[in-house]
Each structure stands twice: as structure tokens, then as C-alpha cells.
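Results of the structural survey
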Amino acid sequence: AAYSGLSQSDYETLSRIAPVIAYPEAAWTTTWREMIRQNAAGLGMAEEGDEMVAEIEERIATAREEYPELAGKT
């Protein structure tokens with residue numbers, strides 16, 4: 001639930017079933033990098049999460065080189 005609008009009540013209910021990763025500050029504002037890192041850490045796979053972020057960032061950089069018209073886009 002790193003990106004969701006999970007309520008406190010939902011968090012408490014779900015936490016009885018399994019560990020829950022909730023958004024860190026405000027609902028719907030977590031970046032994709034933060035979501036990957038939080039979820040990976042919650043699974044005990046922090047290193048793999050960092051590797052995944054690096055791999056995706058590399059793919060983005062390659063796409064930017066391949067498609068210069070993407071410059072300045074988000």
C-alpha cells in the first residue's frame with residue numbers, strides 16, 4: 001500500500017494478516033523509486049530493490065538517448 005490511500009483502519013486490519021507497507025507521508029504521492037525500495041525492504045530484499053531501481057533508471061536513460069524528443073518530459 002506504498003502508494004494507496006490506505007486508512008488507519010485498513011492498515012490495522014491487514015496488519016493482522018501480514019506485514020503492511022503503507023505510504024510514508026501522504027497517500028498517492030510516493031514515487032516509483034520509493035515504492036520499490038519500501039516494498040523490497042518489507043520483503044527483506046532491500047538490495048534487490050536498489051538493483052531494480054538502478055536497472056529501471058538505466059533503461060530510462062537508454063530510452064532518453066534513443067528518443068531525444070523525450071527531453072524535459074516526466
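Above this text is the structure in question.
We now turn to the structure provided with this report. Treat the numbers as computed from the prediction; the structure is a model and nothing was measured. (Residues numbered from 1 in each chain as written. Predicted model: local features only at pLDDT ≥ 70, side-chain atom pairs only at ≥ 80, totals over all residues. Heavy atoms only, no water.)

1. Concerning the overall build of the chain
To keep it simple, the criterion reads: Numbering of helices and strands starts at the N terminus; helices are DSSP runs of H or I of at least 4 residues and strands are runs of E of at least 2. Burial classification: accessible surface area is computed with a 1.4 Å probe over protein chains only, and a residue below 20% of its type maximum counts as buried, one above 50% as exposed, and the rest as partly exposed. Methods summary: accessible areas were calculated by the Shrake-Rupley approach with a probe of 1.4 Å, and residue burial reflects only the protein chains presented. Positive charge is attributed to Lys and Arg, negative charge to Asp and Glu, and no charge count is given to His or to the chain ends. Where a charge sits is defined by one atom per residue type, namely NZ (Lys), CZ (Arg), CG (Asp) or CD (Glu).
Of regular secondary structure, the chain possesses 3 helices and 0 strands. N-terminal to C-terminal, the α/β element order of the chain is α-α-α. Among the 74 residues that make up the chain, the fraction classed as buried is 11%. Summing over all exposed atoms, the chain offers an accessible surface of approximately 5,700 Å²; the carbon and sulfur share of this is 54%. Charged side chains of the chain number 6 positive and 14 negative; the gap between the two group centres comes to 6 Å.

2. Remarks on the side chain of Thr30
The condition is simple: Contacts between residues were defined by any pair of non-hydrogen atoms, one from each residue, lying within 4.5 Å.
Tracing the backbone through its elements, the reader meets Thr30 in the loop between α1 (8–15) and α2 (32–42). Residue contacts for Thr30: discarding those within four places in its chain leaves Ala2, Tyr3, Tyr23, Pro24, Met35 and Gln38.

3. Focus on the environment of Thr30
In plain terms, the rule: As used in this structure description, the phrase polar contact means that two N or O atoms lie within 3.5 Å; if the pair is within protein, one of them must be able to donate a hydrogen and the other to accept it, and residues adjacent in sequence are counted only when both atoms belong to side chains.
Using a relative accessible area of 5% as the deciding quantity, one classes Thr30 as buried. As a C-alpha pair, Thr30 and Lys73 span 43 residues in sequence and 19 Å in three-dimensional space. Within the structure, the side chain of Thr30 is placed 2.5 Å from the backbone oxygen of Ala2, a separation counted as a polar contact.

4. Observations regarding unusual backbone geometry
Of note in the backbone geometry, Trp28 takes a positive phi value of approximately 65° without being a glycine. Along the polypeptide, Trp28 turns up in the loop between α1 and α2.

5. Quick look at the environment of Glu25
Relative to the helices and strands, Glu25 resides in the loop between α1 and α2. Measuring from C-alpha to C-alpha, the distance between Glu25 and Tyr3 comes to 10.0 Å, with 22 residues separating the pair along the chain.

6. Overview of the packing of aromatic side chains
The condition that has to hold: In summary, the pairing rule links any two rings of Phe, Tyr or Trp, Trp by its six-membered ring, whose centres are within 6.5 Å, and it sorts them by plane angle into stacked for under 30 degrees, edge-to-face for over 60 and tilted for everything else.
For the coordinates displayed, the defined rule picks out 1 aromatic pair. Between Tyr3 and Trp28, the ring centres sit 5.6 Å apart and the planes meet at 75°, which makes this aromatic pair edge-to-face. With Tyr3 in the segment before α1 and Trp28 in the loop between α1 and α2, the pair connects residues that are 25 residues apart, well separated along the chain.

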